[in-house]
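Fold and geometry: a report
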Amino acid sequence: MTAQRIDGRGIAQKMQAEVAQRSQAFLQRHGRPPGLAVVLVGADPASRVYVQKKRDACAAVGIRSFFIQPPANGAPPQLLTHIAELNARDTVDGILVQLPLPPHFDPETIIEAIAVEKDVDGFHPYNIGRLALRAPLLRSCTPAGIMTLLQETGTGIKGKEAVIVGASNIVGRPMALELLLAGATVTVCHRFTRDLAAHVGRAEILIAAAGKPGLIAGGWIREGAVVIDVGINRLPDGRLTGDVEFLAAAERAAWITPVPGGVGPMTVATLLQNTMLAAEKRMGLPDA
C-alpha cells in the first residue's frame with residue numbers, strides 16, 4: 001500500500017476562495033471589510049514570518065489586517081491595554097496574539113483578556129469550553145483545519161480509533177474534543193504514556209502533534225490508517241520534517257499529510273474562516 005497524500009495547500013485554497021466571496025459580500029453590506037488585528041510582541045524572526053504569512057493571506061481574501069507590535073521588554077499591562085483597545089474597536093472583528101510570548105508574559109492572562117467573540121485563534125477558555133460542551137463557536141484553528149482534512153479524504157470518523165500524540169493546549173487537547181464531537185474513540189498520548197508504539201499501532205486515525213522529529217516510526221503505523229502530521233521541525237541541514245517517519249509510514253497508511261504542505265496551510269485558512277465568522281456574527285448576520 002502506498003498512501004495518498006492529503007493536499008492541504010489545495011484544500012486551503014478552496015477555503016480561502018470561499019472566504020473571499022463572503023468578505024466581498026460583507027464589504028458591500030456593511031461598507032467596510034472584515035478586520036483582523038495581529039499582535040506580535042517583540043521581533044522574533046520566526047514569529048515575524050508567521051505573522052507576515054497571515055497578513056498576506058488576509059490581503060488575498062479581502063480581510064483588513066491591523067498590525068500591533070509592542071516591544072519584547074514591555075510590561076504586560078501595556079499589552080493588556082492594547083488588547084482592551086482592540087476589544088472596543090468596531091473595525092476589528094478578530095484578535096490574534098502571536099505565540100510564543102516573551103517569558104515575562106503569562107499567555108493565559110493575555111488570551112483570557114481577548115473578547116471571546118473576537119478570539120479567532122479559538123484559545124480562550126470560553127471557546128474551548130463551548131467545544132467541550134458540544135456547542136462550538138470559534139474553534140482552535142489547527143484542530144478545526146485537521147477536521148476539514150479528514151472530511152476531505154472521505155474517511156468516516158464515527159466509531160474509529162483515533163490516537164493523538166501530544167497533549168498541548170494548542171493542538172492535542174482541543175483536537176481530542178473535536179474528534180469526540182465527531183464520534184471517534186479517542187486516546188491522547190503524552191510524555192508519561194507507556195508503550196507509545198502500541199497505542200499508535202491501534203490508530204485508524206493518527207494525529208502526530210508532539211513537535212519531535214521522527215518520534216513515530218513508520219513501522220508503527222496501522223495498515224490503512226489516516227496519518228495527520230502536525231509537526232514542523234527544522235533539521236540542522238535546514239530541511240523541514242514532521243513527527244512521523246514519512247516514507248515508511250506512507251508504505252502502510254491509506255492517507256498521509258506531507259510536511260510542509262499538509263496541516264500548515266489549513267491553520268491559516270481556518271484562521272481566515274474564523275475571522276469571517278466572527279465578523280458576520282458581530283454584525284448580526286442570521287446565517288453566521
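Since the model is a prediction, treat every value here as computed from it, not as a measurement.

Moving on, we come to helix 2 (residues 45–61). Here helix 2 contains 17 residues, and its C-alpha end-to-end distance of 25 Å stays within 8% of the 24 Å for a straight helix at 1.5 Å per residue. Burial in helix 2 covers these residues: Ser-47, Val-51, Lys-54, Ala-57, Cys-58 and Val-61. The buried residues of helix 2 occupy an angular sector of 120 degrees when the element is viewed end-on, so they sit on one face. Turned more than 90 degrees away from the buried face of helix 2 sit Pro-45, Lys-53, Ala-59 and Ala-60, all of them exposed. Along its buried surface, helix 2 packs onto helix 1 (8–30), strand 2 (35–39), strand 3 (64–68), strand 4 (94–97) and helix 10 (263–282). The N-terminus of helix 2 is capped by Asp-44, whose side-chain oxygen sits 3.3 Å from the backbone nitrogen of Ala-46. Phi turns positive one or two residues past the end of helix 2, at Gly-62, with a value near 85 degrees.

Turning our attention to the nonpolar core. A general trend in soluble globular proteins is that nonpolar side chains are found buried together. One finds Ile-146, Leu-150, Leu-179, Ile-207 and Ile-228 to be the most contacted residues of the largest nonpolar core, which totals 26 residues. Taken together, the elements giving at least two residues each to this core come down to helix 1, helix 6 (141–153), strand 5 (161–165), helix 7 (172–181), strand 7 (205–208), strand 8 (226–229) and helix 10. Here this core takes four residues from helix 6, the largest share from any one element. If we ignore the near neighbours within four places in the chain, the residues touching Leu-150 are Thr-155, Ile-157, Leu-179, Ile-205, Val-226 and Ile-228. Counting 21 residues, the second-largest nonpolar core is a separate cluster that includes Phe-26, Ala-57, Cys-141 and Leu-272.

Working definition: an aromatic ring pair is given by the centre-to-centre distance plus the angle between the planes. Taken as a whole and judged by the stated rule, the model has zero aromatic pairs. Sitting over the face of the ring of Phe-66, Arg-89 holds its NZ or CZ atom 5.3 Å from the ring centroid.

When the terminal C-alpha atoms of helix 6 are compared, their 19 Å separation across 13 residues agrees well with the 18 Å that a helix rising 1.5 Å per residue should span. Of all 13 residues in helix 6, 10 are buried, a share of seventy percent or more. Considered for burial, the residues of helix 6 that qualify are Cys-141, Thr-142, Pro-143, Ala-144, Gly-145, Ile-146, Met-147, Leu-149, Leu-150 and Thr-153. Next to the buried residues of helix 6 lie helix 1, helix 7, strand 7, strand 8, strand 11 (255–256) and helix 10.

Right, let's get into the domain arrangement of the protein. Considered domain by domain, the protein is made up of domain 1 (30–116) and domain 2 (141–264). Here the C-alpha centroids of domain 1 and domain 2 sit 29 Å apart.

Turning our attention to the side chain of Asp-229. Here Asp-229 lies in strand 8. A polar atom in the side chain of Asp-229 sits 2.9 Å from the backbone nitrogen of Asp-243. Within the local environment of Asp-229, its side chain forms a polar contact with the backbone nitrogen of Val-244, the two atoms lying 3.0 Å apart. Not counting residues within four places of it along the chain, the set of residues in contact with Asp-229 comprises Ala-208, Gly-242, Asp-243, Val-244, Thr-257, Val-259 and Val-263.

Once that is clear, we can look at the packing of helix 1 against helix 10. Where helix 1 contacts helix 10, the axes come no closer than 9 Å and their chain directions differ by 20 degrees. Considering the angle they form, helix 1 stands roughly parallel to helix 10. Of the two elements, helix 1 crosses helix 10, and the hand of that crossing is left-handed. In contact with Gly-8, Arg-9, Ile-11, Ala-12, Met-15, Gln-16, Glu-18, Val-19, Arg-22, Ser-23 and Phe-26 of helix 1, helix 10 contributes Pro-265, Met-266, Ala-269, Thr-270, Leu-272, Gln-273, Met-276, Leu-277, Ala-279 and Glu-280.

Basis of the calculations
Each chain carries its own residue numbering, running from 1 in the direction its sequence is written. Confidence filtering applies because this is a predicted model: local features only for residues at pLDDT of at least 70, side-chain atom pairs given and counted only at 80 or more, and all residues used for totals across whole chains, interfaces and linings. Processing note: side-chain calculations cover all non-hydrogen atoms of the structure and skip hydrogens and water entirely. Labels follow the DSSP assignment, with helices taken as runs of H or I lasting at least four residues and strands as runs of E lasting at least two, numbered in each case from the N terminus. Between the first and last residue of a helix there are one fewer steps than residues, each counted as 1.5 Å, and that sum is the expected span. Buried means the residue's accessible area, taken with a 1.4 Å probe over protein chains only, is under 20% of the maximum for its type, while exposed means over 50%, and partly exposed covers the values in between. Arc definition: it is the arc formed by the directions from the helix axis to the C-beta atoms. Whether two residues touch is decided by their heavy atoms; if any such pair falls within 4.5 Å, the residues are in contact. We call two N or O atoms a polar contact when they sit within 3.5 Å, provided that within protein one can donate a hydrogen and the other can accept it, with sequence-adjacent residues counted only if both atoms are side-chain atoms. The set of buried Ala, Val, Leu, Ile, Met, Phe, Trp, Tyr and Cys residues whose side-chain atoms join them within 4.5 Å is what this entry labels a nonpolar core. Stacked, tilted and edge-to-face are the three classes applied to pairs of Phe, Tyr and Trp rings, where Trp contributes its six-membered ring and a pair requires centres within 6.5 Å; stacked means planes under 30 degrees apart, edge-to-face means over 60, and tilted covers the rest. Note on criteria: charge over ring means Lys NZ or Arg CZ within 6 Å of the ring centre, with the direction from the centre no more than 35 degrees off the ring normal. Note: domain ranges come from an automatic or database domain assignment. Where helices are involved, their axes are fitted lines through C-alpha atoms of the stretch in contact, as for all axes, and angles between N-to-C directions lie from 0 to 180°. Each angle receives one of four descriptions, namely roughly parallel if under 35 degrees, roughly antiparallel if over 145, roughly perpendicular if within 65 to 115, and oblique otherwise. Note on convention: near helix rotated counterclockwise from far helix by under a right angle means a left-handed crossing. Clockwise means right-handed.

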